Amino acid sequence: MTKSQTSIEIRNLYKIFGAHPEAHVEAVRRGMSKEELGARHSHILGLNDINISMPAGKIQVIMGLSGSGKSTLIRHINRLIEPTWGEIVIGGQNVLEMSETELRDFRRTGTAMVFQKFALLPHRTVIDNVTFGLEVRGVDAAAARATGLRWIERVGLKGFENRYPNELSGGMQQRVGLARALSNDTSILLMDEAYSALDPLIRTDMQTMLLDLQKELGKTIVFITHDLDEALRLGDQIVILRDGSIVQQGNSQDILLNPADDYIQRFIKDVNRGRYIRVASVIEPASESALPQVPAEMMLEDAVKVLSDAAASAANVIDAAGRIIGAVTLRTIMSVL
Ligand SMILES: Nc1ncnc2c1ncn2[C@@H]1O[C@H](COP(=O)(O)OP(=O)(O)O)[C@@H](O)[C@H]1O
Ligand SMILES: [Mg+2]
């Protein structure tokens with residue numbers, strides 16, 4: 001269904017907003033802060049030496065507070081923003097070297113965006129919103145409709161294809177936005193705070209749907225959020241931005257178990273660790289054989305249940321093939337939680 005998977009490499013990326021951005025790259029490179037650049041030169045440091053290898057077919061989360069540079073970063077990927085310095089290499093091709101035609105083609109057929117504010121056309125029905133991109137690309141109307149209906153069904157909106165956006169709840173409108181993006185059959189999906197405006201329960205449903213879809217589709221998804229739980233749940237890789245710089249990047253286990261600094265520590269302080277830390281991250285050498293078993297991928301929260309149901313203080317950890325690869329103890333789990 002999807003084209004070949006595409007990696008995204010961001011190298012030494014700087015973005016400075018202002019009248020003469022290039023004039024200040026060197027100073028920023030030598031360590032001038034966002035605050036100083038603003039105070040002394042009235043320029044805004046949007047991104048500061050960003051290096052990320054986003055793996056093909058995975059979900060890359062970009063997390064950070066408002067103003068940390070998330071939108072600026074994601075908009076460099078399809079070159080809606082020109083970098084002040086640096087490279088963006090997508091599937092081996094440098095986006096900055098694309099001709100105008102190549103760039104237009106890449107934006108239309110290589111990437112799709114999902115926005116927080118849905119960006120649906122109010123006077124078009126659900127199906128007409130979903131097929132809009134296909135129409136622009138000149139896809140035959142019947143084929144576009146068939147594709148659109150398939151994705152409308154897949155996001156759980158079968159029967160709503162002839163409704164108008166204002167007849168739908170926020171969660172349903174976000175589903176339309178997702179169906180529209182998926183209809184374009186791109187290998188890259190860019191989601192800028194797509195779920196940030198949704199109520200918590202609907203938001204969790206949308207996350208589950210995205211994870212389910214991703215199992216089938218294996219797209220390269222760049223997902224922006226300011227919500228740590230969302231980042232930990234969705235991200236195969238997570239980058240945390242602050243004032244335009246990367247403070248830490250890694251997977252959920254790296255961030256929860258080895259926070260890079262006090263800033264990250266404060267970020268993760270209140271999270272339910274048992275929900276996101278895996279047994280594999282706290283494994284110890286194997287002990288006796290007569291213990292209950294837990295898979296290495298299991299979250300600690302669930303492992304605690306297994307242990308308490310078995311009235312055991314330790315369990316053997318098994319890999320995907322069912323081999324015992326170590327053990328976990330209740331004591332270690334409790335100390336990590
Ligand atoms: N077009 C622009 N002109 C000037 N400053 C901008 C522009 N776009 C973004 N910024 C500034 O760059 C920084 C990062 O913004 P943004 O990427 O929108 O953050 P986020 O998406 O994380 O909230 C902020 O300080 C913002 O004010
Ligand atoms: Mg933003």
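- The chain is annotated in an unreviewed UniProt entry as Quaternary amine transport ATP-binding protein of Gemmobacter lanyuensis.
- Looking at the Sequence similarities (unreviewed entry) heading of the UniProt record, one finds this comment for the chain: "Belongs to the ABC transporter superfamily."

What to know about the side chain of Thr84
- Here Thr84 lies in the loop between helix H3 (70-77) and strand S4 (85-90).
- Residue class for Thr84 comes out buried when judged on its relative accessible area of 14%.
- A polar atom in the side chain of Thr84 sits 2.9 Å from the backbone nitrogen of Ile16.
- Those residues in contact with Thr84 that lie beyond four places of it in its chain are Tyr14, Lys15, Ile16, Pro21, Glu22 and Val25.

Quick notes on the domain arrangement of the chain
- For the chain, the domain assignment lists domain 1 (54-84 + 98-272) and domain 2 (275-336).
- Between domain 1 and domain 2 lies a buried interface of about 710 Å² when both sides are counted; carbon and sulfur atoms form 53% of it.
- Together, Gln253, Leu257 and Asn272 form the three largest contributors to the area buried by domain 1 at its contact with domain 2, with a combined 66%.
- Remark: the boundary between domain 1 and domain 2 carries zero salt bridges.
- Put simply, domain 1 and domain 2 have six residue pairs in polar contact (both at pLDDT 80 or more) between them.
- Among the secondary structure elements, those contributing two or more residues to the side of domain 1 that touches domain 2 are helix H10 (228-234) and helix H11 (252-257).

A few points about the UniProt feature "domain: CBS" (unreviewed entry) in the chain
- The UniProt record annotates "domain: CBS" (unreviewed entry) at residues 286-337.
- Taken end to end, residues 286-337 comprises 33% helix and 27% strand; its first and last C-alpha atoms sit 21 Å apart.

Overview of the site of ligand 1
- Neighbouring residues of ligand 1: Phe17, Lys34, Ile44, Leu65, Ser66, Gly67, Ser68, Gly69, Lys70, Ser71 and Thr72.
- Contact between ligand 1 and Gly67: an oxygen atom at 2.7 Å from a main-chain N or O atom of the residue.
- In isolation ligand 1 exposes 560 Å². Once the protein is present, 62% of that is buried.
- A per-element tally of the shell around ligand 1 places H3 first, with three residues.
- Residues that form the shell around ligand 1 fall into these classes: three nonpolar, six polar and two charged.

Some words on the pattern of salt bridges
- Taken as a whole and assessed by the stated rule, the structure comprises 16 salt bridges.
- As a salt-bridge pair, Arg275 and Glu301 come within 4.0 Å of each other at their nearest N and O atoms. With Arg275 in the loop between helix H12 (262-268) and strand S11 (293-295) and Glu301 in helix H13 (residues 300-309), the pair connects residues that are 26 residues apart, well separated along the chain.
- One network of salt bridges, with partners in common, ties together Glu9, Arg11 and Glu87.

Concerning helix H8 (residues 170-183)
- The terminal C-alpha atoms of H8 lie 20 Å apart, and with 14 residues this matches the ideal 20 Å at 1.5 Å per residue to within 8%.
- For H8, the tally of buried residues reaches twelve of 14 residues, placing the bulk of the element in the interior.
- Within the sequence span of H8, burial applies to Gly171, Gln173, Gln174, Arg175, Val176, Gly177, Leu178, Ala179, Arg180, Ala181, Leu182 and Ser183.
- Taken together, the buried residues of H8 touch strand S6 (111-115), helix H5 (126-130), helix H6 (132-136), helix H7 (141-154), strand S7 (188-192) and helix H9 (200-217).

Cut-offs used in this document
- Residues numbered from 1 in each chain as written.
- Chains lettered and ligands numbered in written order.
- Predicted model: local features only at pLDDT ≥ 70, side-chain atom pairs only at ≥ 80, totals over all residues.
- Heavy atoms only, no water.
- UniProt positions renumbered as here; feature names shortened; annotations may be inferred.
- Helix = DSSP H or I, 4+ residues; strand = E, 2+ residues; numbered from the N terminus.
- Buried < 20%, exposed > 50% of the residue type's maximum accessible area, 1.4 Å probe, protein only.
- Polar contact = N/O pair within 3.5 Å; in protein donor to acceptor, adjacent residues only side chain to side chain.
- Contact = heavy atoms within 4.5 Å.
- Domains from an automatic or database assignment.
- Buried area = accessible area lost by both parts, 1.4 Å probe.
- Salt bridge = Lys/Arg side-chain N within 4 Å of Asp/Glu carboxyl O.
- Near = heavy atom within 4 Å.
- Areas by Shrake-Rupley, 256 points an atom, 1.4 Å probe, with all protein chains shown as cover.
- Nonpolar A, V, L, I, M, F, W, Y, C, P; charged D, E, K, R; others polar.
- Expected span 1.5 Å × (residues − 1).

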